[in-house]
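Fold and geometry: a report
Read off the chains here:
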Amino acid sequence: MIVRRNLSSSKTFPALTFCVGLLLGIGVGGAQTYDFGYVPVGATNKANGFNFTGNSYNGTNLFMASETFIGPNAVDFLTSSNYAGQTLPPGPFYFYSLSFVPHTIGFETAALTNFETPSPPFGAGITYLQGVGAPTNRPGSGPIVPELAPLEQAMTNFLAAHNFEAGTLALMKDSKLVFRQGYGWRDTNFTAVIHPDNLFRLASVTKTLTASAIYQLIAAGKFTTNTAIYYYLGIPPWNGVLGDSRITNITVQNLLDHSGGWNQYTSPVRDPIFRTIQISTNMGLNYPAAPTDVISWMFSKPLDFAPGTTNVYSNFGYSLLGRVIEKASGKSYINYIQQDLLGNAGLTNILGFTNVMPSRSRPGDLAPWEIWYADQPQFLPQSAVDFPTNLTARFVDGGDYYESYDSFGGLSASAIGLCHYLLNYLQGYIARPSGITFGWNASFFGGLPGATSVIVQNISQTSTTTNGLEFAALFNERDDITGLDNSEAYTAITNAVAGITSWPSNGGGMIQLATTATNVNKNAGSI
């Protein structure tokens, strides 16, 4: 399952197709910033579909007097059609592409300026451009396990194929940790090698922990699967009028099953959890809409189907479950997950940091051991975390409001932290039974701008033995909103596992790294 956001581009090299209408010549006050994202040095990131609009004034056709790149890194930005010196009569669109070809590692900026006559009413226009030149190599770290070299190869091949900047994999065989490696750079200056235990945003993999917390509270007698959430939560609808009487029929089980009555694909409000700016504006708030604000707003809207009659993947339903957890426990969602679901054994890393943390929007607010995030090429949207200002930010840096995502997509974790979770729970379900015979096979995918996550638990257990495969794979980028990234990562890892004929008998990567520096740097070739 995936937290979804509709974006209109995907990152590929050497060319990127990005269809977008752009009107220049509207004055500097209306300027936008286009971010090319992270591009390997020497590669070309090409964005298509930009256009000028032809026009005329008092019988005189628009004339493009100049079209020039300016700025400290102007030489690394190109346009495929330069209309300088050409007349652009009204009617057609005059298309062009923009390209970013970094020649050095680091952040680069430029601007495409133009001047149109007659002026007025036309005149000067500008579009700001930015991108980052990234290294082509991705160093690795973590315990080397020779028998499991196919896993290392699968991860490095996947990262290279998708042009992802960083990833980590922790894998257990028969519930023993045998593989734990990271790949890529820890920082945006590309100076520090990733650590296998760096934290990554989980996106929808968060839902597996939310569901387990719900079942834990049910087992404690706090509520049942038949509890009606509207009456239980007591959150009033915005403006005091319930948008649909059937909302009172929604149960905890409906939310777990994605059958609460909301269809993000057909509803006029679409997926409300990504619309905090609109919700804050509608409700007259002077701050970003919190989960309870989104719930109140949605309770004032009609349902898309009767609860329990069909299943449509619902991020909003799991946001409601987060509030159920808070109501039943008397704690914040994150405190319950950390203190009650995971406890110290699964939460505290031997290196002294916390394995599971709340995701934050701004880069400066990320957890100390959390990775940085790469995004898809885009015009910078309004920053949701900075509402009601007009600041802009990449989706990974505030365009998405992660503080409101908590229980459906707002946790960050290390791969080893997720393995601790799998040792104690059936993925997305109850506490892991002991002393009985059972089988369990579940996988879950998560995706947001800057996040691709996969968690797998396929085990069979008797009273004395456990057999099977469990792993968590986390990446700091996404290039496909349909979940193809996740599926390909899953396939690459499971295919590698199928080719392994000898597993380490001593647990391999089971040992924790006991120093803040990685004790294996593959580029250095030393242990």
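Report on the accompanying structure. (Residues numbered from 1 in each chain as written. Predicted model: local features only at pLDDT ≥ 70, side-chain atom pairs only at ≥ 80, totals over all residues. Heavy atoms only, no water.)

**Some details on the environment of serine 319**
One can find serine 319 in helix α7 (residues 315-329). Expressed as a C-alpha distance, the spacing of serine 319 and leucine 255, which sit 64 residues apart in the sequence, is 9.3 Å. Beyond its immediate stretch of four places on either side in the chain, serine 319 contacts Pro291, Ile295, Ser407 and Phe408. (Helix = DSSP H or I, 4+ residues; strand = E, 2+ residues; numbered from the N terminus. Contact = heavy atoms within 4.5 Å.)

**With respect to the environment of glutamate 165**
Here glutamate 165 shows up in the loop between α1 (149-162) and β11 (166-173). Judged by relative accessible area, which is 3%, glutamate 165 ranks as buried. For glutamate 165 and arginine 186, which are 21 residues apart along the polypeptide, the C-alpha to C-alpha distance reads 9.5 Å. (Buried < 20%, exposed > 50% of the residue type's maximum accessible area, 1.4 Å probe, protein only.)

**Brief notes about the sheet that holds strand β7 (residues 93-100)**
If you walk across this open sheet you meet the 3 strands as β2-β7-β5, and the pairing is antiparallel. The open sheet has two edge strands, β2 (45-53) and β5 (77-79), and neither has a second partner. This sheet shows a mean twist of 25° between the axes of neighbouring strands, independent of strand direction. As paired elements, β2 and β7 share 7 bridges and run antiparallel to each other. Bridging from a neighbouring strand, phenylalanine 50 pairs with tyrosine 96 of β7. (Pairing = 2+ DSSP bridges. Axes fitted to C-alpha atoms, helices over the stretch in contact; angles between N-to-C directions.)

**Some thoughts on the packing of α1 against helix α11 (residues 484-498)**
Relative orientation of the contacting elements α1 and α11 amounts to 155°, with a least axis distance of 8 Å. Put simply, α1 runs roughly antiparallel to α11. Between α1 and α11 lies a crossing whose hand is right-handed. Between α1 and α11, the contacting residues are Pro150, Leu151, Ala154, Met155, Phe158 and His162 on the first element and Asp485, Glu488, Ala489, Ala492, Ile493, Ala496 and Val497 on the second. Residue composition of the contact of α1 with α11, grouped by class: 10 nonpolar, 1 polar and 2 charged. (Parallel < 35°, antiparallel > 145°, perpendicular 65-115°, else oblique. Left-handed = near helix turned anticlockwise from the far one by under 90°. Nonpolar A, V, L, I, M, F, W, Y, C, P; charged D, E, K, R; others polar.)

**Overview of unusual backbone geometry**
The amide bond that connects proline 120 to the next residue, proline 121, takes the cis arrangement and shows omega of 15°. Checked against the element boundaries, proline 121 lands in the loop between β8 (106-117) and β9 (124-134). The backbone of alanine 203 sits at a positive phi, close to 50°, despite the residue not being glycine. The residue alanine 203 is located in the loop between β13 (200-201) and α2 (206-219) in this model. The class for alanine 203 is buried, based on a relative accessible area of 1%.

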